[in-house]
Every structure is written in structure tokens, then in C-alpha cells.
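# Structural overview for review
Okay, here's what each chain looks like letter by letter:
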Amino acid sequence: MDLTWIGVVDTAVKIGLGAAISSVFGYFVLVKKQEHENDQEQRRFFYALQEEKKSKYVDFLSLSQKLIQTYLYSSCSPASDDYNQYLRAFNELQIISDDTIRLKAYEAMYSVQSFICLSKNQQETGLLDTMVADAREKISLFQKVAQQEVTRHYEKI
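Residues numbered from 1 in each chain as written. Predicted model: local features only at pLDDT ≥ 70, side-chain atom pairs only at ≥ 80, totals over all residues. Heavy atoms only, no water.

Looking at the largest pocket, its volume works out to about 240 Å³. Looking at the largest pocket, the residues that line it are Gln-42, Phe-45, Phe-46, Leu-49, Gln-50, Lys-53, Glu-149, Arg-152, Tyr-154, Glu-155 and Ile-157. Element by element, the count of residues in the lining of the largest pocket is highest for helix 1 (residues 2-70), at six residues. (1 Å grid on protein atoms, 1.4 Å probe; cavity = no way out; pocket = protein on both sides within 12 Å on 5 of 7 lines; lining within 4 Å. Points joined across faces, edges and corners; volume = space filled by probe spheres on them. Helix = DSSP H or I, 4+ residues; strand = E, 2+ residues; numbered from the N terminus.)

Before going further, it helps to spend a moment on the environment of Asn-91. Inspection of the secondary structure puts Asn-91 in helix 2 (residues 81-96). Separated by 86 residues in the primary sequence, Asn-91 and Trp-5 place their C-alpha atoms 79 Å from one another.

With that settled, consider the nonpolar core. As a rule of thumb, nonpolar side chains are buried together in soluble globular proteins. Membership of the largest hydrophobic core comes to 30 residues, with the highest contact counts inside it found for Phe-60, Val-112, Ile-116 and Phe-142. Contributing elements (two or more residues each) for this core: helix 1, helix 2, helix 3 (99-117) and helix 4 (125-150). The element that contributes the greatest number of residues to this core is helix 4, accounting for nine residues. With residues near it in sequence (within four places) discarded, Ile-116 still touches Leu-67, Ile-68, Tyr-71, Ser-74, Ser-75, Cys-76 and Tyr-83. (Core = buried A, V, L, I, M, F, W, Y, C linked by side-chain atoms within 4.5 Å. Buried < 20%, exposed > 50% of the residue type's maximum accessible area, 1.4 Å probe, protein only. Contact = heavy atoms within 4.5 Å.)

Looking now at the packing of aromatic side chains. A complete count under the given rule lists nine aromatic pairs for this structure. Measuring from ring centre to ring centre gives 5.8 Å for Tyr-27 and Phe-28, while their planes differ by 65 degrees; the resulting arrangement is edge-to-face. In this structure Tyr-27 comes out as exposed when scored by relative accessible area, which is 52%. Between Phe-46 and Tyr-154, the ring centres sit 5.6 Å apart and the planes meet at 65 degrees, which makes this aromatic pair edge-to-face. Residue Phe-46 is located in helix 1, and its partner Tyr-154 is located in the segment after helix 4; the two are separated by 108 residues in the primary sequence. (Phe/Tyr/Trp six-rings, centres within 6.5 Å; stacked < 30°, edge-to-face > 60°.)

A few words now on the pattern of salt bridges. A side chain of one charge can pair with a side chain of the opposite charge if their charged atoms are brought near each other. Scanning the entire structure with this criterion turns up 12 salt bridges. The partner of Glu-51 in a salt bridge is Lys-54, with the nearest N and O atoms 3.3 Å apart. Remark: Lys-54 and Glu-51 occur in helix 1; sequence separation between them is three residues, near one turn of the helix. For Lys-54, a relative accessible area of 34% gives the class partly exposed. (Salt bridge = Lys/Arg side-chain N within 4 Å of Asp/Glu carboxyl O.)

The subject of this paragraph is the packing of helix 3 against helix 4. Put simply, helix 3 and helix 4 touch, their axes get as near as 8 Å, and they point 160 degrees apart. Taken together, the axis directions place helix 3 and helix 4 in an arrangement best described as roughly antiparallel. Where helix 3 crosses over helix 4, the two elements pack in a sense that is left-handed. From helix 3, Thr-100, Ile-101, Lys-104, Ala-105, Glu-107, Ala-108, Ser-111, Val-112, Ser-114 and Phe-115 reach across to helix 4, where they touch Leu-128, Met-131, Val-132, Asp-134, Ala-135, Lys-138, Ile-139, Phe-142, Val-145, Ala-146 and Glu-149. Grouping the amino acids of the contact of helix 3 with helix 4 by side-chain chemistry returns 13 nonpolar, three polar and five charged. (Axes fitted to C-alpha atoms, helices over the stretch in contact; angles between N-to-C directions. Parallel < 35°, antiparallel > 145°, perpendicular 65-115°, else oblique. Left-handed = near helix turned anticlockwise from the far one by under 90°. Nonpolar A, V, L, I, M, F, W, Y, C, P; charged D, E, K, R; others polar.)

What follows covers the packing of helix 2 against helix 3. Angle between the axes and distance between the axes: these two values describe a pair of packed helices. Contact geometry of helix 2 with helix 3 gives a least axis separation of 10 Å together with a crossing angle of 170 degrees. Accordingly, the angle class assigned to the pair helix 2 and helix 3 is roughly antiparallel. Packed against helix 2, whose contacting residues are Tyr-83, Tyr-86, Leu-87, Phe-90, Leu-93 and Gln-94, the element helix 3 presents Ile-101, Arg-102, Ala-105, Tyr-106, Ala-108, Met-109, Val-112, Gln-113, Ile-116 and Cys-117 at the interface. For the contact of helix 2 with helix 3, the class distribution of residues is 13 nonpolar, two polar and one charged.

Pasting the structure below:
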């Protein structure tokens, strides 16, 4: 009877040990697969957000340059549709951006806003040229920071 008992325990240990090893490896494979899927989802979200940011940045830059050209020799009314569209683009950009981008966007917006709302009838040409140059410089600085942001590659956290 001892030999049968030992044989039964031996067989049970072999089967149980194999099942335990299989379950441990199965668990680790499942964990790794889930980590990979999470990483892929985070990567997709990151690049989708990058595309949205790029679109918002281009809209803001285009509107900034359009307003400067449109109101080069006249003043813009703060109640105009152009100005309201510009403010909307600026605020959308502010919501999805980090602080570096937000600061540069504000500087650009402030310079553009100061120039387009200025009464141009009685101003000297030198002041207007300086304000246009300042606004264009702020726009180009924002453009560089925005370029660095949207061309950044995904980094796993």
C-alpha cells in the first residue's frame, strides 16, 4: 500500500506542479499583454492630442497673421467677428496646452491685440512699424515653441 500511496502523491505533485507553473506563466503573460495594450492606448491618445494641438496652434497663428494684415491701416473693433474668432482660438489653445505654450500664446495675443485695436489715424509710422514687428516676433516665438511641442515623440511614463 505504501508504493501505491507514493505513486499517487508523486503523480499528484507532477500534475499540480505543472499546473502551478502554467498558471504563473499565464499570469505574467496576461500582465505583460495588458501593459502593452495600455501603452498602445496611451500612445494613440498622445498622438491624437498632438494633432489636435497642431490644429489649434495653426488656427491661432493664421488668425494672428490675418488680423495684423487686415488691420494694418485701420483699427479693429473688439466687438467684431474677426476679433471674437481670434479670442475663441486663443482660449481653445489655452485649454489644451502646457504653461510654456500658454505663456507664449498670451504674449503673441497681447501684441496682436495691442496693434489691431490701436487707433491708426493719428499714430506715427514708427510706432506702428515697431508694434507690427513686435507682434510678428511674438508670433514667431510662439510658432517655434509650438513646433517643438507638436513634433515631440511619445515617451512612456
